[in-house]
Amino acid sequence: MTKVSWSRLLVGWFVLASSVASAHDADILYTQVRRAGPGAAEVRQVLTLTAASLGLLVPADADADGAVSQADLDLRRAALEVGVWDAMPLTAGGQPCTRTSHAALVRQTFVELSATYACPEGALRQRYPLLSVLPEGYRVILGSVTEGEFPGALFADAAQPSLSIPGPGEAAPSAVEGFAGWVGLGMRHIFEGVDHLAFLLAVLLVGGGLKRVLLLVTSFTVAHSLTLGATALGWLVLDAERTRWVEAAIAASIIYVAVENLVLREHRHRALITFLFGLVHGFGFASVLAGYGLGDSVAKGLLGFNLGVELGQALVVIVLLPPLRMLQRRPSVHRGVVRVLSVCILAAGGYWMVERALG
């Protein structure tokens, strides 16, 4: 195969992978739903989301000045009722709840919407037809009903647009069914996580022989397993602000490895670098895992998810390593491909870092 065709093949693979929605780039709608007390008719709900996400549901910027203000939300009260609350019907015991009031507030970095319902007795359940309006990858994350009630979180997406809401004292079911479900989730995260794929590709471009590639992949695996486990078990805590900077650090790791590929002739410390950045990527995996809610399946969920991540990585290596090994037999072609792809990866990492650092 010629130099040009090899370059086009691998650049094409990278562009194709970049078109897949990354879990880190998908926005979320975070909600809490709770009864005023055991058996009480009154149910309160709070929904927080970014102004950009709200703008996809209703024309929130009433004065068209490019920013959503409190005055805009006050003017769009009727639109919020139709575009948000009517698109999130709440039921109890199979019967519809009646919305008695709703409000909207502009916070520093997000919009807070709240509503009060009168609900019959029975288990609460909510559907989210509004997800069909939002871009692919959006999720509704259901937080704890009351402080300390259930660990983790539950989620709904376009494929599963409804949630059963645990009451006080009720354990939350896992959002993922069975050990195989957690394995599949880990694999899906790798294949949909363009930033992780970009980092892995950058490492493999100058990975060398099979023995060295195994060393690099193993160091990355051990590192991200440590931080993933520590975070999932609650030994380390990531809040929203720390998660944002973790995502920015993941982008920085991509930039660093791509720059190394471009400026260094030898990569003697690549295994150490891969280990250190693996620790950062583990925090990223943990933030995704937390969004699915481990419930009482901590050991099964953590083991299955991590196994899925490793299987996904292994499949990527199996696919990429043979053509890269063939390229290494032609040093001039290999150098050209490394330069082209490293520049592409560097550009992608720079974009992600700016986007994530700015929130």
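From a predicted model like this one, the values you see are computed outputs, not experimental measurements.

Overview of the pattern of salt bridges
Evaluated as defined, the whole model comprises eight salt bridges. For the salt bridge of E42 with R44, the shortest nitrogen-to-oxygen distance reads 2.6 Å. With relative accessibility at 43%, the residue R44 sits in the partly exposed group. R107 is the partner of E112 in a salt bridge, and the nearest nitrogen-oxygen pair spans 3.2 Å.

A short note on the sheet that holds strand β3 (residues 90-92)
If you trace the four strands from one edge of the open sheet to the other, you get β4-β3-β7-β10, paired in antiparallel fashion. Pairing within the sheet leaves two strands with one partner each, and these edge strands are β4 (95-96) and β10 (162-165). Bridge count between strand β7 (residues 124-127) and β10: four bridges; the pairing is antiparallel. In the strand pairing of β10, L124 is matched with I165.

Quick notes on the UniProt feature "transmembrane region" (unreviewed entry) in the protein chain
As recorded in UniProt, the sites labelled "transmembrane region" (unreviewed entry) are residues 189-206, 213-238, 244-264, 271-295, 301-324 and 336-354. Segment residues 213-238 splits into 77% helix and 0% strand. End C-alpha atoms: 31 Å apart. End-to-end, the C-alpha atoms of residues 244-264 are 30 Å apart, and along that stretch the chain is 95% helix and 0% strand.

A short note on the state of the cysteines
For the structure shown, the criterion picks out one disulfide. Put simply, C97 and C119 are joined by a disulfide, and their sulfur atoms are 2.1 Å apart. In this structure, the disulfide formed by C97 and C119 twists by about 120° around the S-S bond and is classed as right-handed. Here the residue C97 occupies a position in the loop between β4 and β5 (98-106), and C119 occupies one in the loop between β6 (111-118) and β7, the gap between them amounting to 22 residues.

What to know about helix α6 (residues 194-205)
Between its terminal C-alpha atoms α6 stretches 16 Å, which fits the 16 Å expected from 12 residues at 1.5 Å a residue. Here α6 lies mainly inside the structure; 12 of its 12 residues are buried.

Regarding the packing of aromatic side chains
Summed over the entire model, instances satisfying the criterion amount to three aromatic pairs. A centroid spacing of 5.6 Å and a plane angle of 65° characterise the contact between Y256 and F277, whose relative ring orientation is edge-to-face. Linking Y256 in helix α8 (residues 240-263) with F277 in helix α9 (residues 270-290), this pair joins segments that are 21 residues apart in sequence. Among the residues examined, Y256 registers a relative accessible area of 38% and is labelled partly exposed. With a relative accessible area of 17%, F277 lands in the buried category.

About the criteria used
- Residues numbered from 1 in each chain as written.
- Predicted model: local features only at pLDDT ≥ 70, side-chain atom pairs only at ≥ 80, totals over all residues.
- Heavy atoms only, no water.
- Salt bridge = Lys/Arg side-chain N within 4 Å of Asp/Glu carboxyl O.
- Buried < 20%, exposed > 50% of the residue type's maximum accessible area, 1.4 Å probe, protein only.
- Pairing = 2+ DSSP bridges.
- Helix = DSSP H or I, 4+ residues; strand = E, 2+ residues; numbered from the N terminus.
- UniProt positions renumbered as here; feature names shortened; annotations may be inferred.
- Disulfide = S-S within 2.5 Å.
- Expected span 1.5 Å × (residues − 1).
- Phe/Tyr/Trp six-rings, centres within 6.5 Å; stacked < 30°, edge-to-face > 60°.

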